[in-house]
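Architecture and fold: a report
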2 protein chains.
Amino acid sequence: MKESIGIKQIAKLAEVSIGTVDRVLHNRGGVSKITEQRILDVVKKTGYKKNTVASRLRLGTHKKVKIAVLIPEATDNWGYWELPKKGMDKAAEELKDHGIEITYFYFSDPLVFMSMSRKMLSTHFDGIVTVPFFTPESDRLFRKAREKKVPVVFLDTRITLGHPGYFICQDAHQAGLVAGRLLHGLVGEGVYIVLNIVNAKGLHENNRQRENGFREFLNAVNRKGKIEVYTINYPLNQPLEAIPDVAKLLKDERSKGVFVTNSRAYMLPPVFRRYGVTDVPVVGFDLNKENMECLKREEIAFLINQKPEYQGYNAIKGLFKFLTEEDASELHVDIPVEIVVKENLHIF
Amino acid sequence: MKESIGIKQIAKLAEVSIGTVDRVLHNRGGVSKITEQRILDVVKKTGYKKNTVASRLRLGTHKKVKIAVLIPEATDNWGYWELPKKGMDKAAEELKDHGIEITYFYFSDPLVFMSMSRKMLSTHFDGIVTVPFFTPESDRLFRKAREKKVPVVFLDTRITLGHPGYFICQDAHQAGLVAGRLLHGLVGEGVYIVLNIVNAKGLHENNRQRENGFREFLNAVNRKGKIEVYTINYPLNQPLEAIPDVAKLLKDERSKGVFVTNSRAYMLPPVFRRYGVTDVPVVGFDLNKENMECLKREEIAFLINQKPEYQGYNAIKGLFKFLTEEDASELHVDIPVEIVVKENLHIF
DNA sequence: CTGAAAGCGCTTACAG
DNA sequence: CTGAAAGCGCTTACAG
């Protein structure tokens, strides 16, 4: 790490002014082929890297990097979406002096998602962060943004797009495998129940993939054919014990374990108590208050954390880095499948 | 986030020059009480925060932050210590333009630790990162550094010092509790074995605390008195099956699970094979190559990761932040007790 | 097509 | 005790 050369030495070596060097470095045009080549040669030979601190001092105060964030309303899903936002605010705070400006937009359904998308695209933003709950609408936003060369970072859920996009999310299928491993370790042979929430929008992609992973794991270990897996899709906002299927399965003493593919595992323990069900471990997702209480009371065995704050933090940090240094390396983030038990809870 | 005021506006509001403002801000002295107070009032009123980017452009090129790192030789412990170093190098790379310089020192035993300590303290360093394997020696380094107002950050192991220090490490007792939870979930009642490595230096603090945590957990769940825990302290570099205690216990069919308090869990599966032991789950520490192979082959059930790279990265980032912004918030880091199974392995 | 100059906000050496 | 000026490395508006 020798005294790293700066733009000034590049200029001297190429026998031009620093202004011309900068023009080449930023493809601002208006430089003759011959001098351009000379400069590029020197840049290459010296391994010049711009001083990001100096660059940002200059740029940060002149023009901020503007990022638009479009996430679900906080009313949705126990305020889960406040957590990524918290992470994004933290990142923004850290990048304050580097020049960043985040504008938040919120959606509740595909229509609002689309109208917010339009609003974001008509204003000038350097980058967009959003959540692809609605595949066709997300794809449309992605395509339009692409035409304008505005990068889009998707959080939480992976969907298939026409072109490769930036995703910061947990591998839901893998999370399902892990859940299978954990529950099978506690339960062994017997009947497993997968509990999905189905709301008006149908089953979320993540939930589907989690179930698939879970079933794949159990299938692989089911050598003696003594493992059975039943899926229950229950409608949100309906008491669990009112649903015949659920009641029947929970009362069945062969039932050995339950995998809740969403963040509402905490709904089970009261039902268990009501039916006198004991020793049926539950594996669920997300560290909401209710789930954490259940974990502490050992009514839930394992929770899987998606690290929502970390997702948001990374999205902003990574996008900023991409926009200022053309480095996209931090925009493909596989969120670890973080396993949480009662004993390692408080540190998250 | 209004146009944050800078030192220039502070100077104008306090009717002094920016030089004087800076003198007050940095306690450089030579300012009359009255102007000092006037400036401090304005600073307070406006909520001025220095622009770290500008500050670092200026300082980063003039005087680098110099950090000394004293860690175990890489030959020790399967090159575990290359990992924190890797994290530190990554942090240094990110802070390159901000002006940082890391010098590495290595130790193998208390004597070398002491002589390196002396060397570090006689040179001028702004901060020190080290690993407190040897309590009295570490305490001495800590005290000497404290006299010189040089902050010390300890990695890996928590020890008790005369004054509160900065530690970036996993709570070993908590990790033991987690191990207890995991192994008990797989095993239930029966005989548990705790395997410690004892080398010339005796049992490491971390191993002791892990065992304590493990025993505490099993004790708490041992309501019917059907759980027994045996500890084996075996000398490093001796074949496991050659030790009578180990052989006896492993052959005992009541043995249900083994907790290896160090990073050598991979030594067990070959012994198991030799004695025809099956279905005895193993929980161990650290993601070294051998352990990961065993995890993949399902010969180890769970590994606990101490995130060594992350420890190193955080130490440098946190120390740099403390040295440049007097913000010590990132120097107390509780490393999560990260639970790793076969299915969530590859993402780490 | 190219250069010289101003300035981002902070820090410090120098002059008074 | 205080101020004016130079400069960190980069970027850009302006002049030629």
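Residues numbered from 1 in each chain as written. Chains lettered and ligands numbered in written order. Predicted model: local features only at pLDDT ≥ 70, side-chain atom pairs only at ≥ 80, totals over all residues. Heavy atoms only, no water.

1. Topic: the overall build of chain A
Here is the rule we go by: The numbering of helices and of strands both runs from the N terminus, where a helix is a DSSP run of H or I of at least 4 residues and a strand a run of E of at least 2. Atoms considered for the radius of gyration are the C-alpha atoms alone. The globule rule reads 2.2 Å times the number of residues to the power 0.38. Partly exposed residues are those whose accessible area sits between 20% and 50% of the maximum for their type, while under 20% is buried and over 50% is exposed, using a 1.4 Å probe and protein chains only. Pairs of residues are marked as contacts when any of their non-hydrogen atoms sit within 4.5 Å. Each accessible area is a Shrake-Rupley result for a 1.4 Å probe, and residues are judged covered by the shown protein chains and nothing else. Counted charges follow a simple rule, with Lys and Arg positive, Asp and Glu negative, and His plus the chain ends left uncounted. Working definition for charges: the position is that of NZ of Lys, CZ of Arg, CG of Asp or CD of Glu.
Counting its secondary structure elements, chain A contains 13 helices and 12 strands. A compact globule built from 348 residues should have a C-alpha radius of gyration of about 20 Å, whereas chain A, at 25 Å, is more than 25% larger. In terms of overall dimensions, chain A has C-alpha extents of about 85 × 45 × 35 Å along its principal axes. Going through the 348 residues of chain A one by one, you find that 51% of them count as buried. Restricting to contacts in chain A with at least 6 residues of sequence separation, those with at least 24 account for 68%. When the accessible area of chain A is evaluated, it comes to approximately 16,800 Å², of which 51% is carbon and sulfur surface. Side chains of chain A give 51 positive and 43 negative charges; the mean places of these two sets differ by 6 Å.

2. So, the protein's contact with DNA strand C
Operational definition: When we say a residue is near a molecule or strand, we mean one of its heavy atoms is within 4 Å of it. Throughout this description, a polar contact denotes any pair of N or O atoms lying within 3.5 Å of each other; where both atoms belong to protein, one of them has to be capable of donating a hydrogen while the other can accept it, and for residues adjacent in sequence the pair is counted only when both atoms sit in side chains.
Looking at DNA strand C, there are 27 residues lining it, with B:I7, B:D22, B:R28, B:Y48 and B:R58 nearest. In DNA strand C, the atoms that sit within 4 Å of the protein are 68% sugar and phosphate, with bases accounting for the remainder. A distance of 2.4 Å separates a phosphate oxygen of DNA strand C from a polar backbone atom of B:I7. At 3.4 Å from a phosphate oxygen of DNA strand C is found a side-chain nitrogen or oxygen belonging to B:K63. For the surface near DNA strand C, the elements supplying multiple residues, two or more each, are helix 2 (18–25) and helix 4 (52–62) of chain A together with helix 2 (18–25) and helix 4 (52–62) of chain B.

3. Let's talk about helix 9 (residues 205–221) of chain B
Residue and element names in this part refer to chain B. How we decide: Helix span is expected to be 1.5 Å times the residue number reduced by one. Working definition: the arc comes from the directions between the helix axis and the C-beta atoms, pointing outward to the latter.
With 17 residues, helix 9 extends 25 Å between its outermost C-alpha atoms, agreeing within 8% with the 24 Å of an ideal straight helix rising 1.5 Å per residue. Every buried residue belonging to helix 9 is among N206, N207, R210, E211, G213, F214, F217, L218 and V221, and all of these are buried. All buried residues of helix 9 project into a common sector of 160° when viewed along the axis, lining one side. Every exposed residue of helix 9 that faces more than 90 degrees away from the buried side is listed here: N219 and A220.

4. Re the pairing of strand 4 (residues 152–155) of chain B
All names here are of chain B. Condition: By this definition, two strands are paired if DSSP reports at least two bridges between them.
A two-sided burial pattern is seen for strand 4, the buried positions comprising V152 and F154 on one face and V153 and L155 on the other. Looking at chain direction, strand 3 (residues 127–130) and strand 4 are connected through 3 bridges and run parallel. Across the sheet, residue I128 finds its bridge partner in strand 4, namely V152. Relative to strand 5 (residues 166–170), strand 4 runs parallel, the two sharing 3 bridges. If you follow F154 over to strand 5, its bridge partner there is F167.

5. Overview of the protein's contact with DNA strand D
Lining the immediate environment of DNA strand D, one finds 28 residues, of which A:I7, A:R28, A:Y48, A:R58 and B:R23 sit closest. Sugar and phosphate atoms form 66% of the subset of DNA strand D atoms that lie within 4 Å of the protein. Taking A:A54, its main chain carries an N or O atom lying 3.3 Å from a base nitrogen of DNA strand D. When contributions to the surface near DNA strand D are tallied by element, the ones reaching two or more residues are helix 2 and helix 4 of chain A together with helix 2 and helix 4 of chain B.

6. Looking at the environment of B:C294
Examined against the element boundaries, B:C294 turns out to sit in helix 12 (residues 289–296). If we skip the residues at most four places from it in the chain, B:C294 touches B:Y266, B:P269, B:E299 and B:I300.

7. Comments concerning the interface of chain B and chain A
Short version of the rule: By definition, the buried area sums, over both parts, the 1.4 Å-probe accessible area that each loses when the two are put together. Within this document, salt bridges are pairs made up of a side-chain nitrogen of Lys or Arg and a carboxyl oxygen of Asp or Glu, the two lying within 4 Å of each other.
In this assembly, 32 residues from chain B lie in contact with 32 residues from chain A. Counting each side, the surface lost to burial between chain B and chain A is near 3,200 Å², with a carbon and sulfur contribution of 60%. The largest per-residue losses of area from chain B upon contact with chain A belong to B:V53, B:R181 and B:E343, which jointly make up 20% of the total buried on that side. Applying the counting criterion to the chain B and chain A interface returns 4 salt bridges. We note a salt bridge from A:R181 to B:E298, for which the minimum N-O separation is 3.2 Å.

8. Looking at helix 7 (residues 135–147) of chain A
All names here are of chain A. An ideal rise of 1.5 Å per residue puts 18 Å on 13 residues; helix 7 measures up with 18 Å between its terminal C-alpha atoms. Restricting attention to buried positions, one finds in helix 7 the residues E137, S138, D139, L141, F142 and A145. Among the structural elements, helix 6 (110–122), strand 3 (127–130) and strand 4 (152–155) are those in contact with the buried residues of helix 7. K149, located one to two residues past helix 7, shows a positive phi value of around 60°.

9. Here's the deal with empty space enclosed by the protein
Stated formally: Buriedness of a pocket was judged along seven lines, with at least five required to meet protein on both sides within 12 Å; pockets are open sets of points on a 1 Å grid over the protein atoms alone, cavities are sets where a 1.4 Å probe fits but cannot get out, and lining residues have an atom within 4 Å of a point. Grid points are joined across faces, edges and corners, and a volume is the space filled by probe spheres set on the points.
By the definition in use, this model includes 1 cavity of 30 Å³ or more. In this model, the largest cavity occupies a volume close to 30 Å³. In terms of lining residues, the largest cavity is bounded by A:L182, A:G185, A:L186, A:F302, B:L182, B:L186 and B:F302. Going through the elements one at a time, helix 8 (172–187) of chain A together with helix 8 (172–187) of chain B are the ones with two or more residues in the lining of the largest cavity.

10. Focus: the domain arrangement of chain A
Our working definition: Segment limits for the domains were obtained from an automatic or database-derived domain assignment.
Structurally, chain A comprises domain 1 (7–50), domain 2 (61–156 + 308–335) and domain 3 (172–305). Taking the mean C-alpha position of each, domain 1 of chain A and domain 3 of chain A sit 61 Å from one another.

11. Section: the relation of the copies chain B and chain A
Rule in force here: Copies are brought into register by a least-squares superposition over C-alpha atoms of residues with pLDDT of at least 70 in both.
When chain B is brought onto chain A, the operation consists of a screw motion whose angular component is 180° and whose axial shift is 0.0 Å, with 0.1 Å RMSD remaining. A rotation of that kind, with that shift, is consistent with a two-fold axis. A symmetric contact is evident, with 100% of the interface residues of chain B recurring at the interface of chain A.

12. Thoughts on the packing of aromatic side chains
Residues and elements named next belong to chain A. Quick reminder of the rule: Only Phe, Tyr and Trp rings are paired, with Trp represented by its six-membered ring, and only when their centres lie within 6.5 Å; those with planes under 30 degrees apart are stacked, over 60 edge-to-face, the remainder tilted.
In total, this model carries 28 aromatic pairs over all chains according to the counting rule given. Seen in terms of ring centroids, Y192 and F214 are 6.1 Å apart; in terms of plane orientation they differ by 70°. Their pairing is edge-to-face. Placement of Y192 in strand 6 (residues 190–198) and of F214 in helix 9 (residues 205–221) is noted, with a sequence separation of 22 residues between them. Considered together, Y192 and F214 belong to a single accessibility category, that of buried residues.

13. Points about the sheet that holds strand 5 (residues 166–170) of chain A
Residues and elements named next belong to chain A. The following threshold applies: Note on method: axes are straight lines fitted to C-alpha atoms, helices fitted across the in-contact stretch only, with angles between N-to-C directions ranging 0 to 180 degrees.
Taken in spatial order, the 6 strands make up an open sheet running 2-1-3-4-5-11, and their pairing is parallel. Lying at the two open borders of the sheet, with one neighbouring strand each, are strand 2 (100–107) and strand 11 (333–335). Strand-to-strand, the axes of this sheet are offset by a mean angle of 15°, without reference to chain direction. Seen against the sheet, helix 7 touches strand 3 and strand 4 and runs at an angle of roughly 155° to strand 4. Against the sheet, helix 13 (residues 308–325) engages strand 1 (65–72), strand 2, strand 3, strand 4, strand 5 and strand 11, with an angle of about 150° to strand 1.

14. Details of the UniProt feature "domain: HTH lacI-type" (unreviewed entry) in chain A
Using the following cut-off: UniProt positions are given in the numbering used here, feature names are shortened, and annotations may be inferred rather than shown by experiment.
In the UniProt entry, the feature "domain: HTH lacI-type" (unreviewed entry) is given for residues 5–59 of chain A. This span, residues 5–59 of chain A, is 69% helix and 0% strand, and a straight line between its end C-alpha atoms measures 20 Å.

15. Side note on the pattern of salt bridges
Oppositely charged side chains are able to pair whenever their charged atoms sit close together. Taken as a whole, this structure holds 37 salt bridges over all chains when the rule is applied. In this structure, B:E343 engages A:R181 in a salt bridge whose closest nitrogen and oxygen atoms are separated by 2.9 Å. With B:E343 in the segment after strand 12 (338–340) and A:R181 in helix 8, this pair bridges two chains. Take B:E343 and A:R181: they sit in the same class, and that class is buried.

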